[in-house]
Amino acid sequence: MTLAAACMAVTMNAQVYVGGSVGIASVKDGNADAETTYKFLPEVGYNINDEWAVGVTLGYQKGNCNLINASYNPNINYEKFSIAPYVRYTVPVGSNVNLFVDGGISYGSVKDNYTEFALGLKPGVAFTLSDKLSFVTHFGFVGFNSKNPKADGVDTSNATGVEFNQNNLTFGLYYNF
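Residues numbered from 1 in each chain as written. Predicted model: local features only at pLDDT ≥ 70, side-chain atom pairs only at ≥ 80, totals over all residues. Heavy atoms only, no water.

A. A nonpolar patch on the surface, seen in detail. Together, Val 16, Val 18, Val 44, Phe 127, Leu 129, Leu 133, Leu 173, Tyr 175 and Phe 177 give the surface a local cluster of nonpolar side chains, amounting to about 730 Å² of exposed area. At the level of elements, strand 1 (15-27) and strand 10 (169-176) are the ones that each hand at least two residues to the nonpolar patch. Its location among the elements puts Val 44 in strand 2 (residues 35-47). Looking at Val 44, the relative accessible area reads 38%, which means it is partly exposed. (Patch = residues over 30% accessible without salt bridge, like charges linked within 9 Å, V, L, I, M, F, W, Y side chains within 5 Å. Areas by Shrake-Rupley, 256 points an atom, 1.4 Å probe, with all protein chains shown as cover. Salt bridge = Lys/Arg side-chain N within 4 Å of Asp/Glu carboxyl O. Helix = DSSP H or I, 4+ residues; strand = E, 2+ residues; numbered from the N terminus. Buried < 20%, exposed > 50% of the residue type's maximum accessible area, 1.4 Å probe, protein only.)

B. The side chain of Arg 88, seen in detail. Relative to the helices and strands, Arg 88 is located in strand 4 (residues 79-92). Relative accessible area serves as the criterion here: at 6%, Arg 88 is assigned to the buried category. A distance of 2.5 Å separates polar atoms of two side chains, one belonging to Arg 88 and the other to Asp 102. Within the structure, Arg 88 has its side chain in polar contact with the side chain of Tyr 174 (distance 3.2 Å). Excluding anything up to four places from it in sequence, Arg 88 contacts Tyr 17, Glu 43, Glu 51, Trp 52, Ala 53, Phe 100, Val 101, Asp 102, His 138 and Tyr 174. (Polar contact = N/O pair within 3.5 Å; in protein donor to acceptor, adjacent residues only side chain to side chain. Contact = heavy atoms within 4.5 Å.)

C. Quick peek at the environment of Asn 148. The residue Asn 148 is located in strand 8 (residues 141-149) in this model. The exposure class assigned to Asn 148 is partly exposed, which follows from its relative accessible area of 35%. Note: C-alpha distance between Asn 148 and Thr 115 (33 residues apart in sequence) is 5.2 Å. Ignoring any residue separated from it by four or fewer positions in sequence, one finds Asn 148 in contact with Tyr 114, Thr 115 and Thr 156. A polar atom in the side chain of Asn 148 sits 3.1 Å from the side chain of Thr 156.

D. Looking closely at the packing of aromatic side chains. For the structure shown, the criterion picks out seven aromatic pairs. A ring pair is formed by Phe 135 and Phe 171, whose centres lie 6.1 Å apart and whose planes are at 20 degrees; its orientation type is stacked. Taken together, the positions of Phe 135 in strand 7 (residues 133-139) and Phe 171 in strand 10 put the pair 36 residues apart, joining distant regions of the chain. On the basis of relative accessible area, Phe 171 is assigned to the partly exposed category, the value being 41%. Feature note: the residues Phe 127, Phe 135 and Phe 171 constitute an aromatic cluster, connected by ring pairs. The positively charged end of Arg 88 is found above the aromatic ring belonging to Phe 100, 4.1 Å away from the centroid. Sitting above the plane of the Tyr 114 ring, Lys 147 keeps its charged end 4.2 Å from the centroid. (Phe/Tyr/Trp six-rings, centres within 6.5 Å; stacked < 30°, edge-to-face > 60°. Lys NZ or Arg CZ within 6 Å of the ring centre and 35° of its normal.)

E. Broad picture of the environment of Val 87. The residue Val 87 is located in strand 4 in this model. Residue Val 87 is classed as partly exposed on the basis of its relative accessible area, which comes to 40%. A C-alpha to C-alpha distance of 5.8 Å links Val 87 and Ala 53, two positions 34 residues apart in sequence.

F. Just the pattern of salt bridges, in detail. One pass over the structure, following the stated rule, counts three salt bridges. Sharing partners across several salt bridges, the network here consists of Glu 43, Arg 88 and Asp 102.

Remember that the coordinates give geometry; whether it matters functionally is a separate question.
Okay, structure coming up:
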């Protein structure tokens, strides 16, 4: 009975949101032409309370826009599919503005080329447009990223650090139920 009451209390205070983000960047490697890359990141989440949420982002990316080896090889079809569950902590800074940080993991795969794993934090800002609609932006990554090439004789690349550039800038809308 106590467990049922606790579940009802959590459900009554929780909100589901759906939406996602898009990102676009330009990668230029040496004298080669610049490549425009883009990503679509549909997302669903669950607000546990005013501060904490859990969610998952599914992703599709066209083009190589990566923390490790951000170069473009025109002979490789860079189409990446990814999944990234996260926990979000939110701090209100105004009546319609919230700062947040997503802590999570990400797994991505580029067919016949490499797999990628990341663990870290993604800061962001959410602007409440109405009771049901929010504008959200993510702007960076702090953490660990590992890229495992599928080619024989090529070693795994690892990076740890902070990255604030156009490669990690996304804009999106959330619909709150």
